[in-house]
Amino acid sequence: MAAKSIKRNYFYNAIYNVLMLLTPLITAPYISRVFKADGVGTVSFVASVVQYFIIFSDFGTGSYGQREISYSRDDVDKRSAAFWETFSLRAFNSLIALTVYLSVVIFFVKSYRVIFLIYTINIINVAFDVSWFFGGLEEFGKIIFRNILVRVADIAFVFIFIRSQSELPLYVCGASLFSLLGSLVMWRDVHTYVSKPKLETLRPFRNIRTVLSLFLPTIAIQIYTVLDKSMLGWFTEGTFENGYYEQSMKLSKLTLALITSLVGVMVPRIGYLFEKNEHEQIRAYMYGSYSFVWFLSVALCFGIIGISDNFVPWFFGPGYDKVAGLLKISSFLIIIIGFGSTNGGQYFVPTKRQNLFTYSVMAGAVINFSMNIFLIRMYQSYGAMFASVVAEIAVTSTQFFLMRREISIVRVVKSGINYFIAGVIMLTVLVFMSRGLTPSAIHTFTMIFTGAAVYMSSLFVMRDKFFLEYSAKPVDFLKRKFQRSGSN
């Protein structure tokens, strides 16, 4: 199969990931007012518990399947075998996880039982989700276009049918069913890439050790991304703190998706190059990815800090003032996780060194769990957020240490100096604007456009190589379009 355009695939994958997170963000102002912080926190807490069963349903097969498809994409027989074996393993794991989950809910769960039962749909969804397959083929266009209508329908469902706090189960049911529908529609194209399964040759458990090695970092990551919400529910009274934490993380995850989308695109490409022993090309891609992470993450991080006080009051409504402070902490996750995802997901996994990835995330998991025990009791959602930032710093630092002989850390750090300078200048402007503007949508968007203009102007003045190279390409494209139209 011919290699796909990285830029086009990044665009597709960014749209897909943002779309997955944009649906709850678009509905967030409405939902936050209908369900209040208590209702939002309830959904956040239950979803955090269900996520553990979803992790076991996946069992690392998503990362494994995408990697194996990228290795075998030029051979239809190997590609077909990899697909059916991975799908069979995911289905088997999902069945076990679903059985255990229903047993726990029926016999042990007393609070929010209806919502817990509705979330069985999300566990079933794991078996039918084949986005890993199209990701391995670098066919990100297939993923995005099938899901746009589903997400639009989900948004319409919320605004039409959700009217009161008593409809919380209906809201959860709609979100879960639309996610399952999004997975099912992608099956229409599977048959064009794989042949029918040969049952006598399928060996879904033959690489179980490799799958397990990819599963271990997934567990560790979830400890400090999901356990925060669970521990907030256990250690605090009510679900209000979970509601504040959930809303702040929702915005950070949305912006972070713009960065991690590149990782999803680069994993199959680097896996393909690794099989061809083109290590220099891999390093070149890595340094290019680091520049991209610096450019986008610093702008997003400092931008969110600058607009948070103006943005939160009008967007989330009364009772969510604490979210502004949480955003100022969680925004640093955009930079830290941006580099951590690039190191772990884009480099360690496709080059078959997931054990190094595991070491790094295990370190973060231990730190996060230990800090949560003390900080959540004292500072509640602020403590959980601070623990997450420290844990992610530990993960990314460990990764850079482990890859220091292959990637120049000094070169990576130097490549970010211009972006930090531009970010500080932008943040200074936004702070002064925030003092003179009242919270409103118009003022927030004014600050966003002003901040973006200041950031990019600063990079232009500093003649940043990465910025000038990629900003010139759209201009050149438009020039060619006008020249062609003029000649006609």
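Asker: Got a minute to help me understand the overall build of the protein in this structure?
Answerer: Looking only at helices and strands, one finds 20 helices and zero strands in the protein. Carbon and sulfur atoms make up 67% of the accessible area of the protein, which amounts to about 21900 Å² in all.

Asker: How should the packing of helix α13 (residues 322-330) against helix α14 (residues 332-348) be read in this particular structure?
Answerer: Relative orientation of the contacting elements α13 and α14 amounts to 30°, with a least axis distance of 5 Å. In terms of axis orientation, α13 runs roughly parallel to α14. Taking contact as the criterion, the partners of Lys-328, Ile-329 and Ser-330 in α13 are, on α14, Phe-332, Leu-333 and Ile-334. Taken together, the residues that form the contact of α13 with α14 break down as four nonpolar, one polar and one charged.

Asker: Is there a simple way to think about the nonpolar core in this case?
Answerer: Side chains of a nonpolar character, in soluble globular proteins, are inclined to be buried together. Tyr-290 and Tyr-455 are the most contacted members of the largest nonpolar core, which has 113 residues in total. Ranked by the residues each element gives to this core, the list is headed by helix α12 (residues 279-316), at 21 residues. Residue contacts for Tyr-290: discarding those within four places in its chain leaves Phe-339, Thr-342, Asn-343, Phe-400, Met-403, Ile-407 and Val-412. Ala-82, Val-130, Met-186 and Val-190 belong to the second-largest nonpolar core, a separate cluster that totals 15 residues.

Asker: Explain the pattern of salt bridges here, please?
Answerer: Any two side chains of opposite charge can pair, given that their charged atoms come close. Under the defined criterion, the tally for this structure stands at five salt bridges. A salt bridge links Arg-90 to Asp-58, with the shortest nitrogen-to-oxygen separation between them at 2.8 Å. Pair noted here: Arg-90 is in helix α3 (residues 76-108) and Asp-58 is in helix α1 (residues 6-58), with a separation of 32 residues, a long-range link.

Asker: What's the story with the packing of helix α10 (residues 227-235) against helix α15 (residues 354-379) in this structure? I'm lost.
Answerer: Any two packed helices are characterised by how steeply their axes cross, that is the angle between the axes, and by the distance between the axes. Where α10 meets α15, the closest approach of the two axes is 10 Å, and the angle between their N-to-C directions is 35°. Where α10 crosses over α15, the two elements pack in a sense that is right-handed. On α15, the residues touching Leu-227, Asp-228, Met-231, Leu-232 and Phe-235 of α10 are Asn-368, Phe-369, Asn-372, Ile-373, Ile-376 and Arg-377. A class-by-class count of the residues in the contact of α10 with α15 yields seven nonpolar, two polar and two charged.

Asker: Is there a simple way to explain the environment of Ser-164 in this structure?
Answerer: If you trace the backbone, Ser-164 turns up in the loop between α7 (140-161) and α8 (168-185). The class of Ser-164 is partly exposed, set by a relative accessible area of 29%. Through-space distance from the C-alpha of Ser-164 to that of Ile-31 is 9.4 Å; in sequence the pair is 133 residues apart. At 2.8 Å, the side chain of Ser-164 forms a polar contact with the side chain of Ser-166.

Asker: So what exactly am I meant to see when it comes to a nonpolar patch on the surface here?
Answerer: On the surface, Phe-92, Ile-96, Val-100, Val-104, Ile-106, Phe-107, Phe-108, Leu-117, Phe-205 and Ile-208 cluster together to form a nonpolar patch covering roughly 950 Å² of accessible area. Counting residues per element, the nonpolar patch draws most heavily on α3, which supplies seven residues. With respect to the helices and strands, Phe-92 occurs in helix α3. Judged by its relative accessible area of 40%, Phe-92 is partly exposed.

Asker: Just to check I follow, could you spell out the side chain of Asn-372 for this structure?
Answerer: Looking at the element boundaries, Asn-372 is found in helix α15. Its relative accessible area of 0% is what places Asn-372 among the buried residues. With residues up to four places along the chain from it excluded, the contact list for Asn-372 reads Asp-228, Met-231, Phe-235, Arg-377, Gly-383, Ala-384 and Ala-387.

Asker: It is not clear to me how the packing of aromatic side chains should be interpreted in this structure. Could you clarify?
Answerer: The way to describe two aromatic rings as a pair is by their centre distance and the angle between their planes. Applying the stated criterion to the full structure yields 36 aromatic pairs. Ring geometry for Tyr-244 against Tyr-320: centres 6.3 Å apart, planes inclined by 85°, an arrangement best described as edge-to-face. Here Tyr-244 is found in helix α11 (residues 240-275), whereas its partner Tyr-320 is found in the loop between α12 and α13, with 76 residues between them in sequence. Accessibility assignment for this pair places Tyr-244 and Tyr-320 in one class, buried.

Asker: Where do I start with α14 in this structure?
Answerer: One turn of the α-helix equals 3.6 residues, which is why residues spaced by three or four share an orientation. The end-to-end C-alpha separation of α14 is 23 Å, in line with the 24 Å expected for 17 residues at 1.5 Å each. The largest bend along α14 measures about 25° and falls at Ser-341.

Asker: Teacher, can you tell me more about α15 here?
Answerer: Its 26 residues give α15 an end-to-end C-alpha distance of 35 Å, which sits within 8% of 38 Å, the value for a rise of 1.5 Å per residue. Along α15, the helix axis deviates most sharply at Asn-372, where the bend reaches about 40°. What α15 keeps buried is the set Gln-354, Leu-356, Phe-357, Thr-358, Ser-360, Val-361, Gly-364, Ala-365, Asn-368, Asn-372, Leu-375 and Ile-376. Backbone geometry just downstream of α15 places Gln-380 in the positive-phi region, at approximately 55°.

Asker: How should the environment of Ser-440 be read in this particular structure?
Answerer: With respect to the secondary-structure elements, Ser-440 resides in the loop between α18 (417-436) and α19 (441-461). Residues Ser-440 and Asn-310, spaced 130 residues apart in sequence, show a C-alpha to C-alpha distance of 6.8 Å.

Criteria and thresholds
Residues numbered from 1 in each chain as written. Predicted model: local features only at pLDDT ≥ 70, side-chain atom pairs only at ≥ 80, totals over all residues. Heavy atoms only, no water. Helix = DSSP H or I, 4+ residues; strand = E, 2+ residues; numbered from the N terminus. Areas by Shrake-Rupley, 256 points an atom, 1.4 Å probe, with all protein chains shown as cover. Axes fitted to C-alpha atoms, helices over the stretch in contact; angles between N-to-C directions. Parallel < 35°, antiparallel > 145°, perpendicular 65-115°, else oblique. Contact = heavy atoms within 4.5 Å. Nonpolar A, V, L, I, M, F, W, Y, C, P; charged D, E, K, R; others polar. Core = buried A, V, L, I, M, F, W, Y, C linked by side-chain atoms within 4.5 Å. Buried < 20%, exposed > 50% of the residue type's maximum accessible area, 1.4 Å probe, protein only. Salt bridge = Lys/Arg side-chain N within 4 Å of Asp/Glu carboxyl O. Left-handed = near helix turned anticlockwise from the far one by under 90°. Polar contact = N/O pair within 3.5 Å; in protein donor to acceptor, adjacent residues only side chain to side chain. Patch = residues over 30% accessible without salt bridge, like charges linked within 9 Å, V, L, I, M, F, W, Y side chains within 5 Å. Phe/Tyr/Trp six-rings, centres within 6.5 Å; stacked < 30°, edge-to-face > 60°. Expected span 1.5 Å × (residues − 1). Bend = angle between axes of the 7 residues up to and from the residue.

No statement about biological role is implied by the geometric values presented.
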